[in-house]
Amino acid sequence: MKVNQKWNMPDLKAAKQRTKKQVTIEKSLFNIPSEVKNIGVGRKYYLRTYGCQANERDGETIAGILEELQFEPTTNYEEADLILLNTCAVRKNAEDKVLGELGHLKYLRQKNPDLLFGLCGCMAQEEDVVDTIIKKYKHVDLVFGTHNIHRLPVLLYQAMMSKERTIEVFSKEGEVIENLPVKRFGTHKAWVNIMYGCDKFCTYCIVPYTRGKERSRQVEDILDEVKVLIKDGFKEITLLGQNVNSYGKDLQVEGGFAYLLEEVAKTGIERIRFTTSHPWDFSDEMIDVIAKYDNIMPFIHLPVQSGSDSMLKIMGRRYTSEQYLTLFNKLKEKVKGAAFSTDIIVGFPNETDEQFQDTLKLVDHCKFDNSFTFIYSPRVGTPAAAMEDNVPMDVKEQRLQELMKHTNHWAKVNNESYKGKIVKVLVDGPSKKNKDVYSGYTPQNKLVNFTGENIQSGTIVDVEIIEAKSFSLDGKAIKVD
Ligand code: SAM
Ligand code: SF4
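Thresholds, definitions, all that
Residues numbered from 1 in each chain as written. Chains lettered and ligands numbered in written order. Predicted model: local features only at pLDDT ≥ 70, side-chain atom pairs only at ≥ 80, totals over all residues. Heavy atoms only, no water. Buried < 20%, exposed > 50% of the residue type's maximum accessible area, 1.4 Å probe, protein only. Helix = DSSP H or I, 4+ residues; strand = E, 2+ residues; numbered from the N terminus. Pairing = 2+ DSSP bridges. Right-handed = clockwise from strand over helix to strand, strands pointing away. Contact = heavy atoms within 4.5 Å. Arc of directions from axis to C-beta. Polar contact = N/O pair within 3.5 Å; in protein donor to acceptor, adjacent residues only side chain to side chain. Near = heavy atom within 4 Å. Areas by Shrake-Rupley, 256 points an atom, 1.4 Å probe, with all protein chains shown as cover. Nonpolar A, V, L, I, M, F, W, Y, C, P; charged D, E, K, R; others polar.

Caption draft 1: Fine view of the pairing of strand β12 (residues 236-240). β12 sits mainly inside the fold: 5 of its 5 residues count as buried. Alternating residues of β12 divide into Glu236, Thr238 and Leu240 and Ile237 and Leu239, and every residue in both groups is buried. As defined by bridge partners, strand β9 (residues 189-193) adjoins β12 across 5 bridges and the pair is classed as parallel. Across the sheet, residue Val192 finds its bridge partner in β12, namely Leu239. In this sheet, strand β13 (residues 271-275) lies alongside β12 in parallel orientation, the contact comprising 5 bridges. Across the sheet, Glu236 pairs through a bridge with Arg271, a residue of β13. At this point the chain moves from β12, through helix α9 (residues 256-266), to the parallel β13, and the crossover so formed is right-handed.

Caption draft 2: Quick peek at unusual backbone geometry. The residue after Thr275, namely Thr276, is reached through a cis peptide bond having omega 5 degrees. Secondary-structure assignment places Thr276 in the loop between β13 and α10 (284-292). Even without a glycine there, the phi angle at Asn179 is positive, about 65 degrees. You can see Asn179 is positioned in the loop between β8 (176-177) and β9.

Caption draft 3: The arrangement of the environment of Met315 in detail. Inspection of the secondary structure assignment puts Met315 in helix α11 (residues 309-315). The buried category is assigned to Met315, whose relative accessible area is 0%. Sequence spacing of Met315 and Cys202 is 113 residues, and the spatial spacing of their C-alpha atoms is 5.6 Å. Contact partners of Met315, with chain neighbours within four places excluded, come to Cys202, Thr203, Tyr204, Gln305, Ser306, Ile345 and Phe348.

Caption draft 4: Structural context of helix α5 (residues 127-136). When we look at burial in α5, the residues that qualify are Val129, Val130, Ile133 and Ile134. For α5, the angular spread of buried residues about the axis comes to 135 degrees, placing them on one side. Away from the buried face of α5 by more than 90 degrees, exposed residues Lys135 and Lys136 are located. Those residues of α5 that are buried lie in contact with α3 (92-105), β5 (116-121), β6 (142-144) and β7 (166-168).

Caption draft 5: Representation of the side chain of Thr359 within the structure. Looking at the secondary structure, you find Thr359 in helix α13 (residues 353-366). When its relative accessible area of 2% is taken as the criterion, Thr359 is described as buried. A distance of 3.0 Å separates the side chain of Thr359 from the backbone nitrogen of Gly307, its partner in a polar contact. Setting aside residues up to four positions removed in sequence, Thr359 forms contacts with Ser306, Gly307, Ser308, Ile344 and Leu403.

Caption draft 6: Expanded view of the environment of Pro208. Topologically, Pro208 is positioned in helix α7 (residues 207-211). Separated by 192 residues in sequence, Pro208 and Lys16 place their C-alpha atoms 7.0 Å apart. Ignoring anything within four residues of it in the chain, the contact list for Pro208 reads Ala15, Arg18, Cys198 and Phe201.

Caption draft 7: Geometry of the site of ligand 1. The immediate surroundings of ligand 1 are formed by 15 residues, with Gln242, Pro303, Gln305, Asp343 and Ser377 found nearest. One nitrogen or oxygen atom from the main chain of Tyr204 is found 3.0 Å from a nitrogen atom belonging to ligand 1. With respect to ligand 1, the backbone of Ser377 contributes an N or O atom lying 2.7 Å from a nitrogen atom. Out of a free accessible area of 560 Å², ligand 1 has 91% covered by protein chains. Those elements that place two or more of their residues in the shell around ligand 1 are β15 (339-346) and β16 (370-375). When grouped by side-chain class, the residues that make up the shell around ligand 1 number 7 nonpolar, 4 polar and 4 charged.

Below, the structure is given as structure tokens:
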């Protein structure tokens, strides 16, 4: 393929590099040139985000930038002048969905020749995806990655004015860019990035390549953001990072995540959550802080991936099943009433039935409240992709079904224990299906659907649990705080 010299193409080899170079914190990189200021006037954007919370939070930045450029949001792509897909690369089916959507939406160009199509997020960081976009999705005008969201005003201007494709993807370790606009999608719950990237390089995972090296935000910048959120009436924040437990290592923040978490707890915000915790970096100090503060929610997402030590080793997870269980038991003992969720992959290369049985044993021991279960999906450029993907699909599917029987069973058993209890629910609002029924979450992150009258979203109400299902609880409100 002839690569246009003007384009900055992704490069997985460069994305993998980790040097000792100090990460820079950039506070003035974002600016809108005067000629670009009003390019959105009279135009609408449709933004669709796929994947994890990091992408959701990026979506809020992208929306913030577009609205500074005077674009108006729309949820109807038929009336959009800009369609932007903010994508996930973690599994092939996530990518297939996006490519399907791009193909499906192409017809809109005939109705509106000025309509712009853009692709950003993790897929944009992958060489093979951008190749495919160039060759087969010629209607895509703009491609940018996870490291250059701040460049959106200029890139958009270029794509709109030149009518040429604009592709700019940086494959670098990355800096921390502060002071980007943000349009919060929630009214009482917010995401707060505490760090970016990942250095763990689990052998199956594309994230370290698409999001760069682990780099933390400064404590003061995080606390300032939390204080603004409190002032704006937010009740719950979720601290975000691919591995929040290694927060602050790059900046030599003494006490690391335990220190940050305690400082955030001291701000007095009503509810604090955090995700994701890699078992390898979970210190006793962190456990003590979680146990000490009532506003740190007793809910821990602790991905295990497999119950087999040999699988964990070739997955590059850096712990054994015994070490995982020691940590799990310690958390359970110290953080009273905590709920746990996990991630599990089945069908990794060479996984035997015996190794899969080890995963079931671990699940039956931990009795997780919630589990995210995945069939292994080879990702180009990762070490696992060089191994033969030799577990047949029907075996992978059988294992997934078997695993889900166990995980759903424990989810239901855990939920049953809430029957007759009164729980505190942060109300999201009336349910979409029935406006006489409200929904919200308990401290343990249990979804509760409940009846009540005149209940405001963003308030915390006491709800008596009447019925337990595998993935939610039913109840009735008994008192509004
Ligand atoms: N940083 C987090 C962690 O370490 O758990 C999560 C990152 S990833 C977005 C979320 C989950 O996707 C992982 O925990 C893993 O179970 C799953 N995952 C990642 N790569 C995968 C792959 N190639 N195939 C199947 N599942 C995968
Ligand atoms: Fe991926 Fe492992 Fe990093 Fe999580 S810790 S993002 S699974 S490489």
